[in-house]
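Remarks on the overall topology
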Amino acid sequence: MRKVKEIRRWIEAYESVESAVEEVKLSFDFYKEGVAEEEEVDQAYQIALSLIENVELRNMLRREEDRLGAVLKVNAGAGGTESQDWASMLVRLYQRWAENHDYKVTITNWQDGDEAGIKTVTMQIEGDLAYGFLKSENGVHRLVRVSPYNAQGKRMTSFASVFVVPLVDDSIEIAVNPANLSWDTFRSSGAGGQNVNKVETGVRLHYQFKDPDTGEEREIVIENTESRSQLDNRENALRLLRSQLYDIELEKRRAAQAEVEAGKKKIEWGSQIRSYVFDDRRVKDHRTNFQTSNVNAVMDGDIDDFIKAYLMEFGGEK
């Protein structure tokens, strides 16, 4: 059914483009005959152009993992309350973006900041191509503003990191060795109701394994506080573990493709990818140089143009 749905989506997209292009031809013919205005031709052209660009954008998302949902984690950087407040603003941004695209958002871990904001938040974003779009957000996000937490009203710079991995579904086979698993339980903090805070429903998963390529001993630690049921939290922590193991495998594939794609710029994971300068009313992506002055719209989740600029430059395959 998933394959049928995907094929139908491409057919419908083609038919929409074909119809829009025909509309451009007709409106231009009417304009030459003097029965249509130039603005009508321009409007038809813009509609056709937008539809074609949307199809091209989806064509950038042709990898196996692109169709999956996403696990998105936001961590506050060094800088105390200011950075923790910035991290909470990013969480709100991605929640708004997901809502605008009718994606389902589930908070699986939430740790409040010391005075305001958050230290870390992990969310699952479920929907078609969620990971394909959000992989462009992987990296460090920089905020420059006059801080409301600074008594002198100084301009301050804060950092927060965004980490995105595919949310694996039942069609992805990932082997997890139970012998490498260990668990801790703890009382949850933050949203969730009184029961969550009184009972040890939060779980912390430790997965230790040896990298088959390097022989290096590695550990993955995952916290889950989503549910009031410890069993449910354990099951979701295992799902998040499978997502991270899948992402590790994808990283190996990407490394193997490095020579083939040597002509393309590469993502430097963990580097500063975007700056949000509130005073100058400017948000700029340092990878594509795309920028906008509409800071308020961006903070309300309007980041599609940034995603599009990234995918059109880096998303294709030779």
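Residues numbered from 1 in each chain as written. Predicted model: local features only at pLDDT ≥ 70, side-chain atom pairs only at ≥ 80, totals over all residues. Heavy atoms only, no water.

Per an unreviewed UniProt entry, the protein chain is named Peptide chain release factor 2, and its organism is Porphyromonas endodontalis. Database annotation for the protein chain, UniProt heading Sequence similarities (unreviewed entry): "Belongs to the prokaryotic/mitochondrial release factor family." (UniProt positions renumbered as here; feature names shortened; annotations may be inferred.)

Now for the nonpolar core. Nonpolar side chains in soluble globular proteins tend to end up buried together. Leu72, Leu90, Tyr94, Phe133 and Tyr276 are the most contacted members of the largest nonpolar core, which has 40 residues in total. Of all the secondary-structure elements, those providing two or more residues to this core are β1 (69-76), α3 (81-100), β3 (118-126), α4 (130-134), β5 (155-167), α7 (295-299) and α8 (304-314). With 9 residues, the single largest contributor to this core is α3. Contact partners of leucine 72, with chain neighbours within four places excluded, come to Tyr94, Val121, Thr122, Met123, Ile125, Leu134, Val162, Phe163 and Val164. Ranked by size, the runner-up nonpolar core spans 14 residues in total, among them Val71, Phe209, Ile220 and Ala237. (Core = buried A, V, L, I, M, F, W, Y, C linked by side-chain atoms within 4.5 Å. Buried < 20%, exposed > 50% of the residue type's maximum accessible area, 1.4 Å probe, protein only. Helix = DSSP H or I, 4+ residues; strand = E, 2+ residues; numbered from the N terminus. Contact = heavy atoms within 4.5 Å.)

Once that is clear, we can look at the packing of aromatic side chains. Summed over all chains, the structure comprises 6 aromatic pairs. Judged by centre distance (5.5 Å) and plane angle (55°), the ring pair of tryptophan 97 and tyrosine 103 falls under tilted. Take tryptophan 97 and tyrosine 103: they sit in the same class, and that class is buried. Pairing phenylalanine 290 with phenylalanine 306 gives two aromatic rings, centres 5.0 Å apart and planes at 90°, and the pair type is edge-to-face. Residue phenylalanine 290 is located in the loop between β10 (282-285) and β11 (291-292), and its partner phenylalanine 306 is located in helix α8; the two are separated by 16 residues in the primary sequence. Exposure remark for phenylalanine 290: the relative accessible area of 27% places this residue in the partly exposed category. For phenylalanine 306, a relative accessible area of 2% corresponds to the buried category. Geometry around tryptophan 183 places arginine 234 over its ring, the cationic atom sitting 4.6 Å from the centre. (Phe/Tyr/Trp six-rings, centres within 6.5 Å; stacked < 30°, edge-to-face > 60°. Lys NZ or Arg CZ within 6 Å of the ring centre and 35° of its normal.)

With that settled, the discussion passes to a nonpolar patch on the surface. Residues Leu26, Phe30 and Val35 make up a contiguous nonpolar surface patch of about 270 Å² in total accessible area. For phenylalanine 30, the position within the fold is in helix α1 (residues 2-32). (Patch = residues over 30% accessible without salt bridge, like charges linked within 9 Å, V, L, I, M, F, W, Y side chains within 5 Å. Areas by Shrake-Rupley, 256 points an atom, 1.4 Å probe, with all protein chains shown as cover. Salt bridge = Lys/Arg side-chain N within 4 Å of Asp/Glu carboxyl O.)

The next point concerns the sheet that holds strand β6 (residues 181-186). Taken in spatial order, the 3 strands line up as β6-β7-β8 in an open sheet, and their pairing is antiparallel. A single partner strand is all that each edge strand has here, and the edge strands are β6 and β8 (217-224). The sheet shows a mean angle of 20° between the axes of neighbouring strands, direction not considered. In this structure, strand β7 (residues 202-210) lies alongside β8, joined through 8 bridges in antiparallel fashion. Within β8, the residue paired with valine 203 across the bridge is asparagine 224. (Pairing = 2+ DSSP bridges. Axes fitted to C-alpha atoms, helices over the stretch in contact; angles between N-to-C directions.)

Here the focus is the sheet that holds β10. Taken together, 8 strands build an open sheet; the order of strands is β2-β3-β1-β5-β4-β9-β10-β11 and the sheet is mixed. Among the strands making up the open sheet, the edge pair consists of β2 (104-112) and β11. Here 6 bridges tie β1 to β3, and the two strands are oriented antiparallel to one another. Paired with lysine 73 across the two strands is threonine 122, which belongs to β3. α8 contacts β9 (272-277), β10 and β11 of the sheet and is inclined by roughly 20° relative to β10.

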